[in-house]
Amino acid sequence: MRFVHTADWQLGMTRHFLEGEAQPRYSAARRDAVAGLGVLAEQVSADFVVVAGDVFEHNQLAPKVISQSLEAMRNISVPVYLLPGNHDPLDASSVYTSALFKAECPDNVIVLDRDGVWEVRPGVQLVVAPWRTKVPTTDLAAAVLADLPADGTTRVLVAHGGVDVLDPDPGKPSLIRMAALADALDRGSVHYVALGDKHSRTTVGDSGRVWYSGSPEVTNFDDVEADPGHVLVVDVDEADPAHPVTVEARHIGRWRFVTLHRQVDDSRDIADLDLNLDLLPDKERTVVRLGLTGSLTVTDRAALDACLDKYARLFAWLGAWERHTSIAVMPADGEFDDLGIGGFAAAAVDELVAAARSGDGVAAQDAQSALGLLLRLAGGSAA
Ligand SMILES: [Mn+2]
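Not measured: the values here are computed from a predicted model.

1. Notes on the pattern of salt bridges
And step 1. Across all of its chains, the model carries 18 salt bridges by this definition.
And step 2. A salt bridge links D115 to R132; the shortest N-O distance between them is 3.4 Å. Placement of D115 in the loop between β4 (109–111) and β5 (116–121) and of R132 in the loop between β6 (124–128) and α4 (140–145) is noted, with a sequence separation of 17 residues between them.
And step 3. The class for R132 is partly exposed, based on a relative accessible area of 38%.
And step 4. One salt bridge connects D282 with R285, and the closest N-O pair in it is separated by 3.4 Å.
And step 5. With a relative accessible area of 40%, D282 lands in the partly exposed category.
And step 6. Connected via shared salt-bridge partners are D47, R121 and E238.

2. Here's the deal with the coordination of the manganese ion
And step 1. Around the manganese ion, the protein contributes the donor atoms D54 (OD), N86 (OD1), H160 (NE2) and D197 (OD), at 2.0 to 2.3 Å from the metal centre.
And step 2. In primary sequence terms, the donor set of the manganese ion follows D-x31-N-x73-H-x36-D. Taken together, the residues N86 in the loop between β3 (80–82) and α3 (99–104) and D197 in the loop between β8 (192–196) and β9 (202–203) connect sequence positions 111 residues apart.
And step 3. The exposure class of D197 is partly exposed, given its relative accessible area of 27%.

3. Let's talk about the UniProt feature "domain: Calcineurin-like phosphoesterase" (unreviewed entry) in the protein chain
And step 1. The UniProt feature table records "domain: Calcineurin-like phosphoesterase" (unreviewed entry) at residues 1–200.
And step 2. Along residues 1–200, the helical share is 28% and the strand share 19%, with 25 Å between the first and last C-alpha atoms.

4. So, the domain arrangement of the protein chain
And step 1. Looking at the protein chain, the domain boundaries give domain 1 (2–251) and domain 2 (256–377).
And step 2. Distance from the C-alpha centre of domain 1 to the C-alpha centre of domain 2: 45 Å.
And step 3. At the interface, 12 residues of domain 1 touch 11 residues of domain 2.
And step 4. Roughly 950 Å² of surface becomes buried between domain 1 and domain 2 when both sides are summed, with 66% attributable to carbon and sulfur atoms.
And step 5. Together, F17, R25 and F221 form the three largest contributors to the area buried by domain 1 at its contact with domain 2, with a combined 50%.
And step 6. Taken together, the links from domain 1 to domain 2 amount to 1 salt bridge.
And step 7. Counting the contacts that link domain 1 with domain 2 gives 3 residue pairs in polar contact (both at pLDDT 80 or more).
And step 8. In the side of domain 1 that touches domain 2, the residues fall into 6 nonpolar, 2 polar and 4 charged.

About the cut-offs
Residues numbered from 1 in each chain as written. Predicted model: local features only at pLDDT ≥ 70, side-chain atom pairs only at ≥ 80, totals over all residues. Heavy atoms only, no water. Salt bridge = Lys/Arg side-chain N within 4 Å of Asp/Glu carboxyl O. Helix = DSSP H or I, 4+ residues; strand = E, 2+ residues; numbered from the N terminus. Buried < 20%, exposed > 50% of the residue type's maximum accessible area, 1.4 Å probe, protein only. Donors = N, O, S within 2.8 Å, 3.2 Å for Na, K, Ca; no water. UniProt positions renumbered as here; feature names shortened; annotations may be inferred. Domains from an automatic or database assignment. Contact = heavy atoms within 4.5 Å. Buried area = accessible area lost by both parts, 1.4 Å probe. Polar contact = N/O pair within 3.5 Å; in protein donor to acceptor, adjacent residues only side chain to side chain. Nonpolar A, V, L, I, M, F, W, Y, C, P; charged D, E, K, R; others polar.

Written as C-alpha cells, this is what we have:
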C-alpha cells in the first residue's frame, strides 16, 4: 500500500512582507504545489493522499480561496483525505461545513470529520483525530488509539499537533503523547503515524514510522523551518505481518525563505555580500532576510544601500532582520574633501560630519543619512 503524506497546506495564508505581485505569486505557488500532487500521486502510483491537518489557514476564508483550493484538489486523481487541524478546526464556523465548501467539494475529497476508524479499502484503515476546537483539552490521538486491536488490518494514524517528546509543555493537555503512539505501534494496531503541525520535515522517535511531513511550500524563515518543501511517499508492506514501512521524501517546494548573517565593515564585505546575493538562484521566488552588523564609512553605507536597493527589486522580498541588524556609520577623515564645494556648503558639511561623529542619537543618525544622500547625489564612488 502506497500513499502520499502531506500536511500544513495552510491555504489562504498571506505573508505580511510580500508586496505587490509577490503575494499572489506566492499564493498561487502554494496552490500549484497542491495541484502538483496529482502528478506525483500518478507517478508513484499512490492509492491516496492524506493531509494531516491545517489544510486551510483559518476558517474565515474568502470564497475565492475556497473555490481555488478545491479546484487544485480536484486535479489530484486519487482520494484526498483532509484532517481538520488547529487552524481549521471543526467548530461552528468551520470551512468544511460552509455551504460553498459543500457545494464545490470534488468527489475525490473526503473530510475526516468523525473520530476513529475510516476504511480506505478492505484491510486498510485510517485512524483519525480531527480537531473540533482550537484548544483541545485532551490528547486526541491517544483517545482514538485506545482499544484498537492488532488484527492484521493495515492502519495509519492521522493526527495533528505537537508531540510531548519534541515540545514538552505540561500546560498543554492537547500534546500528543509519544508513549501512546509507541504502544500502538508496538502492539501492531497501527503501522504509520502521519502527523501535521510542524512545517519542517521531522521524524519522531526511532521507529521510522512517525513523521511530520512538513509544509509542501515554505511558510517561514529557516530559523523556524529548517526543512520545508517536502511531501512523503509512504509504503506499507501489507504482505509482511510486521507491515514494515518505507518513507521517501520528495522535495516539491519552489520558494525559499533564507536568512543571511554578515559582518560588513568595508567595501570588500559589501562586494562579498553583493556576490552572495547575485549567486542566489530563482530570485523571484526567494525571500531574503539580512542580519547585518558592522561599522561603515558614509561612502560604504551608501554603497550598501545601493546594493540592497538593487536586490530588493529582484527578490520576492529582501530586507533587514531588525533584531539582528546593527550598522554604525562613521564619517572617515577626508571622505568629503572631493565634493568640489567650498564656503557655506563646505562649512555645512563639516557641521554634519561633526554631528554624525557625535553619536548623539537621532541627530547623529540624521546627519549620517544626510551625508549619505549628499554622496549619492554628488555621484561619488558610492553610487
Ligand atoms: Mn497546526
